[in-house]
Amino acid sequence: MSYQKRTALALAAAVAGSVVLTAAPTAHAAVVDVDYQCRTPIGPKGAVSPIDIKAVRSGGGYKLTMSFRKGVSSSPVELGKGAMNPSAVIELGGAEKGRVPVSGPPNAEAIPADTPIKINDLTGTYTPGKSGKVTFTAGVLTIKALGTTTTCTPGNNPRPSLELDVQGAGGGGSQSGGGSGSGSGAGELPKTGPLDSALALGTLGGTVLLTGAAGVLWLTRRGPRSAG
């Protein structure tokens, strides 16, 4: 195997390894029992639902999914298909303070009267504004149905369902209610020569894959000219 091919393969391996390491941020998740105290049109109701929050990297931020393991509240009348619309907020803590709004689709099937209302998964987008460990905790749940609004507030000061080590886009300000942090975007790429590319590319995170592929092709083409 020629020197140029060995160099290209070594570079590709280094790039692949760096992508795996940077694409898997440190996270700690747990299913947390949340004691929702609900204000309904017919009076107060309460229910405990185990909740988990997941985060999946999406572009410069994360797609958050809030899942309810049990139903909360209930309705004295049947809720027909599509009659109930849920939304909630996820409280941020740690390196950032604020709220991320999440929402979900209406109920796909009718909900019988006096039956705990099962909430579909709620999703939203979080864009880090600061770097560090950020916690995600279930916040207020809102259920709109048949022209009424039910507000459910956690009454047991639940602990976070997720802790995530994030990298802010530009070290900007804290998260706001809109679910997107401030920041300036991607920084400049390091200036490197061909022989130290493997070391430099290891710092580029998720953007390194395309750059690495181009580097492999460049090194492969460059070899014969150097040999001549």
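This is a predicted model, so every value here is computed, not measured. (Residues numbered from 1 in each chain as written. Predicted model: local features only at pLDDT ≥ 70, side-chain atom pairs only at ≥ 80, totals over all residues. Heavy atoms only, no water.)

Just give me the short version of the overall build of the protein chain, but keep the residues and values in it.
Along its length, the protein chain carries three helices and 10 strands. Counting from the amino terminus, the protein chain carries its helices and strands in the arrangement α-β-β-β-β-β-β-β-β-β-β-α-α. Looking at the 228 residues of the protein chain, the share that counts as buried comes to 36%. Taking contacts inside the protein chain between residues at least 6 apart in sequence as the whole, the part at least 24 apart equals 71%. (Helix = DSSP H or I, 4+ residues; strand = E, 2+ residues; numbered from the N terminus. Buried < 20%, exposed > 50% of the residue type's maximum accessible area, 1.4 Å probe, protein only. Contact = heavy atoms within 4.5 Å.)

For the state of the cysteines, give the residues involved together with the corresponding values.
For the coordinates displayed, the defined rule picks out one disulfide. Note on cysteine connectivity: Cys 38 is disulfide-linked to Cys 152, with sulfurs 2.1 Å apart. On the sign convention where negative is left-handed, the bridge of Cys 38 and Cys 152, at about 110 degrees about the S-S bond, is right-handed. Of the two residues, Cys 38 sits in strand S2 (residues 32-40) while Cys 152 sits in strand S9 (residues 148-154), which places them 114 residues apart along the sequence. (Disulfide = S-S within 2.5 Å.)

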